Amino acid sequence: MTTEQDFYAAPGDTSQGRVFTVTGQDWDSVTQSIGESAEERVVVNMGPQHPSTHGVLRLILELEGETVTEARCGIGYLHTGIEKNMEYRSWVQGTTFCTRMDYLSPFYNEATYVLGVERLLDIEDDIPEKAQVMRVLLMELNRMSSHLVAIATGGMEIGALTVMTIGFRERELVLDLFELITGLRMNHAFFRPGGVAQDLPPGALDEIRDFIALMKKRLPEYAALCNANPIFKGRLEGVGHLDLAGCLALGITGPVLRSTGYAWDLRKTQPYCGYEDYEFDVQTWDTCDSYGRFRIRLNEMWESLRIVEQAADRLAGLEGAPVMVADKKIAWPSQLAIGSDGMGNSLDHIRHIMGESMEALIHHFKLVTEGFRVPAGQAYVPVESPRGELGAHVVSDGGTRPFRAHFRDPSFTNLQATSVMSEGGMVADVIVAIASIDPVMGGVDR
């Protein structure tokens, strides 16, 4: 008889010795019964179904009393298989898969993949200006929606329910804009090799400007609720400490790295999509703790609002400009007009393809079913996602499908900090440390 091996905890860890059943109300009696002996320890499995682990993350905690002596991460419970699936789809269809990885920042998944494909195609300089501005606009709106979830769920986990309710309230406004522009709230597949799927709909810029004006009134509420709140600061200050040397040793990026005072942001250090033409500041803090990461995310939303405002002003002067490269052998038929029913293609376009031009019909059929060929080679173009450096390593063998697509997801890398941040602290501080990393398991278990 064989038993399934648990790679994260040996059989003796949980099946030998004294067994503790904890219901939540009797923690004091449990810790008292452990006694003074240092040999007595409790191994607690937190997750993978747990509201405080930001997805299907399993934490194996070894405790002495309420102090964490060892913390390990158990990942792999999501099993999406996205990277492997991309090898069996065309280059354009790959965006439909990778957008689902880090589901809280889908536009960044699409951006790094699409930028890599464009580098292999050698069309980076041919992307229309309007497409680049729309990408920046959507990515910065996405940064705000992602940070809002990080702050909202982080607040919920320590009992600050008002922070959660207003966080999701504002996120809904961003998702409404996504739905208006792309047709979907999540998993958009809107960025395509060569540009974006379609132009801005009528009235979109007015909605964006209304959102900017409203957020300038709403964002100060978070500062008023949390910045100087003694309970909030008591739970976050000094918790989840990780200094610059630790971040560099582990490859940690994003707000966790910037909370050490190091202003590393790929939008400034390795600009892409024209970020060098926007005015914004890289936000840092110098406390190396969870409180600093919270303040950075709050400040970054203000900077994103600045960028969105600049992008909206630029789009106003690009009325009617193209949003896809001119090369018809690469451009997915994104210029198809939406029909009067709001669904599908316009009758004019169908009439042209089906009744007037056999060549147009053949080209459309080949481009959609088989896809375009990408020259053999490999490329890696990282972007600064809300969680840090997100990069896609795309490899082509000259065919119509990716030979390999592998993503460097910041959630996966940053999770290494869990043990360093948690060991030596209290059980309750593990929740805060994980929340300050803000991992999304869709990006970890690709």
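Above: the structure in question.
Being a predicted model, the structure only gives us computed values, none of them experimental.

Another point: the sheet that holds strand β1 (residues 42–46). Within the open sheet, the three strands sit side by side as β1-β2-β3. Their pairing is antiparallel. Each end of this open sheet is capped by a strand with a single partner; those strands are β1 and β3 (67–74). Each strand axis lies, on average, 20° off the axis of its neighbour in the sheet, ignoring direction. Sheet analysis places β1 next to strand β2 (residues 58–64), joined by five bridges and oriented antiparallel. Within the sheet, the bridge partner assigned to valine 44 lies in β2 and is leucine 61.

By the criterion of burial, helix α18 (residues 427–437) is predominantly enclosed, with eight of the eleven residues buried. Directly after α18, the chain includes aspartate 438, whose backbone phi takes a positive value near 60°.

Attention shifts here to the environment of glycine 317. Examined against the element boundaries, glycine 317 turns out to sit in the loop between α13 (290–316) and α14 (347–356). For the pair formed by glycine 317 and lysine 130, sequence separation is 187 residues and the distance between their alpha carbons is 9.5 Å.

Overall, the coordinates contain nine aromatic pairs when judged by the stated rule. An angle of 55° between the planes, with centres 6.2 Å apart, marks the rings of tyrosine 275 and tyrosine 278 as tilted. According to the relative accessible area criterion, tyrosine 275 is buried, its value standing at 1%. The exposure class assigned to tyrosine 278 is buried, which follows from its relative accessible area of 5%. Taken together through their ring pairs, the aromatic side chains of Phe232, Trp285, Tyr291 and Phe294 make up a single cluster. Note that arginine 267 overlies the ring of tyrosine 275, its terminal NZ or CZ placed 6.0 Å from the centroid. Positioned over the ring face of phenylalanine 280 is lysine 268, at 4.4 Å from the centre of the ring.

Tallying each qualifying case throughout the model produces three cavities of 30 Å³ or more. Along the walls of the largest cavity sit 15 residues, with Ala150, Gly154, Leu236, Phe294 and Ala435 positioned nearest its centre. Listing elements by their share of the lining of the largest cavity, those giving two or more residues are α6 (129–157), α9 (230–236), α13 and α18. Looking at side-chain class alone, the lining of the largest cavity contains nine nonpolar, four polar and two charged residues.

Moving on, we get to a negative patch on the surface. Together, Asp176, Glu179, Asp206, Glu207 and Asp210 line one region of the surface with negative charge. Elements represented by at least two residues in the negative patch include exactly α7 (161–182) and α8 (204–227). Among the elements that make up the negative patch, the one with the highest residue count is α8 (three residues). Relative to the helices and strands, glutamate 179 resides in helix α7. By relative accessible area, which is 40% here, glutamate 179 ends up partly exposed.

As a packed pair, α7 and α8 sit with axes 11 Å apart at the nearest point and diverge in direction by 165°. Between α7 and α8, the crossing angle belongs to the class labelled roughly antiparallel. Between α7 and α8 lies a crossing whose hand is left-handed. Residues Thr162, Val163, Ile166, Gly167, Arg169, Glu170, Leu173, Val174, Leu177, Leu180 and Ile181 of α7 form the contact with α8, whose own contacting residues are Ala204, Glu207, Ile208, Phe211, Leu214, Met215, Arg218, Glu221, Tyr222, Leu225 and Cys226. Grouping the amino acids of the contact of α7 with α8 by side-chain chemistry returns 15 nonpolar, two polar and five charged.

This part covers α7. Taking 1.5 Å per residue as the helical rise, α7 with its 22 residues ought to reach 32 Å, and the 31 Å between its terminal C-alpha atoms agrees with that figure. Residues of α7 that are buried include every one of Val163, Ile166, Gly167, Glu170, Arg171, Val174, Leu175, Leu177, Phe178, Ile181 and Thr182, and no others. Looking at the packing, one finds that the buried side of α7 touches α5 (106–121), α6 and α8. Looking at the residues trailing α7, positive phi occurs at glycine 183, about 95°.

Now for unusual backbone geometry. Even without being a glycine, alanine 189 presents a positive backbone phi close to 50°. Of note, alanine 189 is situated in the loop between α7 and β4 (191–192). A positive phi angle, close to 55°, is found at cysteine 273, a residue other than glycine. Inspection of the secondary structure puts cysteine 273 in the loop between α12 (266–269) and α13. With relative accessibility at 7%, the residue cysteine 273 sits in the buried group.

Turning next to the nonpolar core. If you look at the biggest cluster of nonpolar residues, it comprises 88 residues, and the most contacted ones within it are Tyr113, Met139, Phe190, Phe191 and Ile208. Broken down by element, this core gets its largest block of residues, eleven residues, from α6. Methionine 139 has contacts with Phe107, Tyr108, Ala111, Phe191, Tyr272, Cys273 and Tyr275, leaving out every residue within four places of it along the chain. Residues Met46, Leu57, Leu63 and Ile431 belong to the second largest nonpolar core, which totals 14 residues.

A word on the state of the cysteines. In the structure shown here, the tally under the stated rule is zero disulfides. Free of any disulfide, cysteine 288 has its nearest neighbouring cysteine sulfur in cysteine 247, separated by 7.4 Å. We classify cysteine 288 as buried; its relative accessible area is 10%.

On the surface, a cluster of nonpolar side chains totalling about 260 Å² of accessible area is made up of Leu244, Leu248 and Tyr262. Relative to the elements of secondary structure, tyrosine 262 occurs in the loop between α11 (255–258) and α12.

Definitions and cut-offs
Residues numbered from 1 in each chain as written. Predicted model: local features only at pLDDT ≥ 70, side-chain atom pairs only at ≥ 80, totals over all residues. Heavy atoms only, no water. Pairing = 2+ DSSP bridges. Helix = DSSP H or I, 4+ residues; strand = E, 2+ residues; numbered from the N terminus. Axes fitted to C-alpha atoms, helices over the stretch in contact; angles between N-to-C directions. Buried < 20%, exposed > 50% of the residue type's maximum accessible area, 1.4 Å probe, protein only. Phe/Tyr/Trp six-rings, centres within 6.5 Å; stacked < 30°, edge-to-face > 60°. Lys NZ or Arg CZ within 6 Å of the ring centre and 35° of its normal. 1 Å grid on protein atoms, 1.4 Å probe; cavity = no way out; pocket = protein on both sides within 12 Å on 5 of 7 lines; lining within 4 Å. Points joined across faces, edges and corners; volume = space filled by probe spheres on them. Nonpolar A, V, L, I, M, F, W, Y, C, P; charged D, E, K, R; others polar. Patch = residues over 30% accessible without salt bridge, like charges linked within 9 Å, V, L, I, M, F, W, Y side chains within 5 Å. Areas by Shrake-Rupley, 256 points an atom, 1.4 Å probe, with all protein chains shown as cover. Salt bridge = Lys/Arg side-chain N within 4 Å of Asp/Glu carboxyl O. Lys, Arg positive; Asp, Glu negative; His and termini not counted. Charge placed at Lys NZ, Arg CZ, Asp CG, Glu CD. Parallel < 35°, antiparallel > 145°, perpendicular 65-115°, else oblique. Left-handed = near helix turned anticlockwise from the far one by under 90°. Contact = heavy atoms within 4.5 Å. Expected span 1.5 Å × (residues − 1). Core = buried A, V, L, I, M, F, W, Y, C linked by side-chain atoms within 4.5 Å. Disulfide = S-S within 2.5 Å.

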